[in-house]
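Commentary on secondary and tertiary structure
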There are 2 protein chains.
Amino acid sequence: MNTINNPQRKDWRALTMRPAKPAEQLEDLVSEVFSEIRKWGDVAVKKYTERFDKIKLDSFLVAGNQLKSAENELSDELKSAIGSAINNIEKFHASQAEENQIIETTAGVRCWRESRPIESVGIYIPGGSAPLFSTVLMLGIPAKLAGCKEVVLCTPPDKNGIVHPAILYAANQVGVDKVYCVGGIQAIAAMTFGTETIPKVDKIFGPGNQYVTAAKQRSQLQGVAIDMPAGPSELLVIADDSCNPAYVAADLLSQAEHGVDSQVVLLSTSQSVVDQVMVELEIQLSRLPRKEMAEKALLNSKAIVLNSIFECIEFSNLYAPEHLIIALKNYMELLPDIVNAGSVFLGNFSCESAGDYASGTNHTLPTQGYSRMYSGVSLDSFIKKITFQEVSEKGIVSIGKTIEIMAETEGLTAHKNAVSIRLDTIVK
Amino acid sequence: MNTINNPQRKDWRALTMRPAKPAEQLEDLVSEVFSEIRKWGDVAVKKYTERFDKIKLDSFLVAGNQLKSAENELSDELKSAIGSAINNIEKFHASQAEENQIIETTAGVRCWRESRPIESVGIYIPGGSAPLFSTVLMLGIPAKLAGCKEVVLCTPPDKNGIVHPAILYAANQVGVDKVYCVGGIQAIAAMTFGTETIPKVDKIFGPGNQYVTAAKQRSQLQGVAIDMPAGPSELLVIADDSCNPAYVAADLLSQAEHGVDSQVVLLSTSQSVVDQVMVELEIQLSRLPRKEMAEKALLNSKAIVLNSIFECIEFSNLYAPEHLIIALKNYMELLPDIVNAGSVFLGNFSCESAGDYASGTNHTLPTQGYSRMYSGVSLDSFIKKITFQEVSEKGIVSIGKTIEIMAETEGLTAHKNAVSIRLDTIVK
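What comes next concerns the included structure. (Residues numbered from 1 in each chain as written. Chains lettered and ligands numbered in written order. Predicted model: local features only at pLDDT ≥ 70, side-chain atom pairs only at ≥ 80, totals over all residues. Heavy atoms only, no water.)

Glancing now at a negative patch on the surface. Together, Glu-27 and Asp-28 of chain A together with Glu-27 and Asp-28 of chain B make up a negatively charged patch on the protein surface. Elements supplying a minimum of two residues to the negative patch: α2 (27-40) of chain A together with α2 (27-40) of chain B. Residue placement: Glu-27 of chain A occurs in helix α2. According to the relative accessible area criterion, Glu-27 of chain A is exposed, its value standing at 57%. (Patch = residues over 30% accessible without salt bridge, like charges linked within 9 Å, V, L, I, M, F, W, Y side chains within 5 Å. Areas by Shrake-Rupley, 256 points an atom, 1.4 Å probe, with all protein chains shown as cover. Salt bridge = Lys/Arg side-chain N within 4 Å of Asp/Glu carboxyl O. Lys, Arg positive; Asp, Glu negative; His and termini not counted. Charge placed at Lys NZ, Arg CZ, Asp CG, Glu CD. Helix = DSSP H or I, 4+ residues; strand = E, 2+ residues; numbered from the N terminus. Buried < 20%, exposed > 50% of the residue type's maximum accessible area, 1.4 Å probe, protein only.)

Here you go:
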């Protein structure tokens, strides 16, 4: 981890740059898979599963009894942990539902919004070294709370052609309707167009590698919505003398172990804090099973000493981190100044992994500086808000003239007429 | 306008199809303009303005005194209308701000969301036959209410190289910071990368033709957010015997006059209502200045007689209209059944043009069936919500074990360690 001391302000932006991604040319491949799956449906899904996952599957749909029997394969301890996490995630996301609020903007003109669930949503859960059942909770729970009618989940087969029981158990617990053992570009394409087995959905959620990311971009062009643009995970920590350097080091490592392209940043006003964290980092790193990955991620990472906490916050806003830990004594006073971040962890006991699993907040968050303009996943991500307006006779008399003049100036006579014809009848 | 009587349910989906758009190959052009503007900045913006708008501009920035003096060119009547519209739009959008709500998900674990403005936003206002100053209000007002620091507006020069004073006046009234006389792909590219004159923004809003739409898609790939995918405007009306056929005809025409690719749909349980509307349509159409455009749009349009109001609502949900007028007596009872629509107009006096200008709701809405998963523009479009969590010593003791077990099962040891190291210190 590089340490940088009081960098000049003109160099700040360069310091917020994420590790450059290799410019992969995936467009041709994604385009091929999409057009084949659109044309051939399940047959093409099977073909690409065989090609990319090296496995031949007769059926993608995970049978209902498999979903149910998954619980027999998990320890009671794990099931109880999942239950607690569900409880917290449900509580927080349920609180995000909004009451309708009718506004009379002018006498006789009432306007309001009502939420409606997105009817059909697809959740993608990546495969790889570990079964990300926590993401099943983070996406499945708000989908069901929102009232989505159809919630389906795609996840790649492991090398034995099956899905990890923790994923199946989590899916079953949160009420996912169907689980399909399909991954990668082919899963996203199947949910984009629909096949004989897999339904076409309105919106696709979930993390994935560069293939999945490219496929989600493509599905957007096909009229499907996606949760947000994806990128490698990140953490920025702001720490002062009140922090516990061992905790900070543990938090930095928890992010660094995600992948070689993860990035962690430590900001402090104190060189001594940075030094202590570095010592702890070495000690804790040496004991990690995913040590190699974390080590590579730390090569992309920086500790920066700045002049003031105010500068730290300013730098953090410029960086716009996915996760932000504020290990400062007076964190509450600083909250109004934090303007760009996905999820913020306050004080010495709010470790990032709390939010990853069980505090109740969502862990699907904007990376790569996207927290400048995107929120993380929430109940809102699974609904849309429809505006309603009820204009009475009195109401159209109040605002009619305004509409007529504006429509006329815009050269839209029929817009004006729609008002005039009403005003004429009322006056008569 | 084609009339279809009780179509079979299997044919419904085909009837919801929008007029096919000509498959324009704009990618190469958009790619060229983007790469030139990224490289050469203002020089390239000038080059493309000369090429596409046939005008040579020395400076794009509209001077502050021009913004202010625009008011001298508008009638008092128009300024007063704009004032009334601003008042209603402000009232409705201000009501969309959300109070923070702290949820204690477990003893010692407090979670909440706080809204922050997107710092820099760009508004695009198309040129063409009429000055769309109403869209300036619809985008500028929520941007300022949200607290966006920098709100810039791009709009193409007219043939004399200037911007219509109604656009300048509206921009000045709602507090837009800078207006640039730049349109088309070059405007979107300039706001995507930033040039010497035009700032790089975080999110781009506003309607436009196919070039602007393609450019906004491209800017998304460059890390800029956009309001929503765009398409031609639409209106669906559900009417029964309680409707006024002349009003319905006027509403259909107000949508049809937008462009030849607009679409209107009339649903009713009554052939007689449809017949009366058709008669009125002919009469009113003949008097319209934009008659030719509306006539062509009506060729894409349909009146459909269905068996029941329930079927009408079901068809409408399948169509997912941008605008929906419910000209039915008992509209309030039906609201819960309306699940896909951008903005809904209730009763005989709620004409669509009320929402276009002055009821207070936003007129930037999802088209092409996108109301299945997108909301129209609102205050929410200009903010993001950051999640915060404050876990106390007691809190980490409550949820620590849950996190440890879940992280371990996912194979993420460092995630587990971040909790264990805290629990160890507390127990000691």
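Anyway, onward from the coordinates.
This part covers empty space enclosed by the protein. According to the stated counting rule, one finds 5 cavities of 30 Å³ or more in the structure shown. Estimates place the volume of the largest cavity at around 50 Å³. (1 Å grid on protein atoms, 1.4 Å probe; cavity = no way out; pocket = protein on both sides within 12 Å on 5 of 7 lines; lining within 4 Å. Points joined across faces, edges and corners; volume = space filled by probe spheres on them.)

What follows is about the interface of chain A and chain B. Each partner contributes residues to the interface: chain A has 118 residues there, and chain B has 118 residues. Overall, the association of chain A and chain B removes approximately 10300 Å² of surface from exposure, summing both partners, and the carbon and sulfur fraction of that is 58%. Residue Asp-380 of chain B is joined to Lys-385 of chain A by a salt bridge in which the shortest nitrogen-to-oxygen separation is 3.7 Å. Taken together, the links from chain A to chain B amount to 72 residue pairs in polar contact (both at pLDDT 80 or more). Looking at side-chain class alone, the side of chain A that touches chain B contains 56 nonpolar, 38 polar and 24 charged residues. Alignment of strand β14 (residues 383-391) of chain A against strand β13 (residues 343-346) of chain B, held across 4 bridges, turns out to be parallel. Paired with Phe-388 of chain A across the two strands is Val-344 of chain B, which belongs to β13 of chain B. (Contact = heavy atoms within 4.5 Å. Buried area = accessible area lost by both parts, 1.4 Å probe. Polar contact = N/O pair within 3.5 Å; in protein donor to acceptor, adjacent residues only side chain to side chain. Nonpolar A, V, L, I, M, F, W, Y, C, P; charged D, E, K, R; others polar. Pairing = 2+ DSSP bridges.)

Within the structure shown, the criterion is met by 14 aromatic pairs over all chains. Look at Trp-112 of chain A and Phe-388 of chain A: their rings are 5.7 Å apart centre to centre, the planes differ by 15°, and that puts the pair in the stacked class. Of this pair, Trp-112 of chain A sits in strand β3 (residues 109-117) while Phe-388 of chain A sits in strand β14, and the two are 276 residues apart along the sequence. Judged by relative accessible area, which is 2%, Trp-112 of chain A ranks as buried. Overall, Phe-388 of chain A belongs to the buried group, its relative accessible area being 0%. Each ring, one from Phe-205 of chain B and one from Phe-382 of chain B, has its centre 4.1 Å from the other, and the planes form 15°; the classification is stacked. With Phe-205 of chain B in strand β7 (residues 203-205) and Phe-382 of chain B in the loop between α15 (352-357) and β14 (383-391), this pair connects stretches of sequence that are 177 residues apart. On the basis of relative accessible area, Phe-205 of chain B is assigned to the buried category, the value being 0%. Given the relative accessible area of 0%, Phe-382 of chain B is considered buried. Of note, Lys-46 of chain A hangs over the ring of Phe-60 of chain A, and the distance from its end group to the ring centre comes to 5.9 Å. (Phe/Tyr/Trp six-rings, centres within 6.5 Å; stacked < 30°, edge-to-face > 60°. Lys NZ or Arg CZ within 6 Å of the ring centre and 35° of its normal.)

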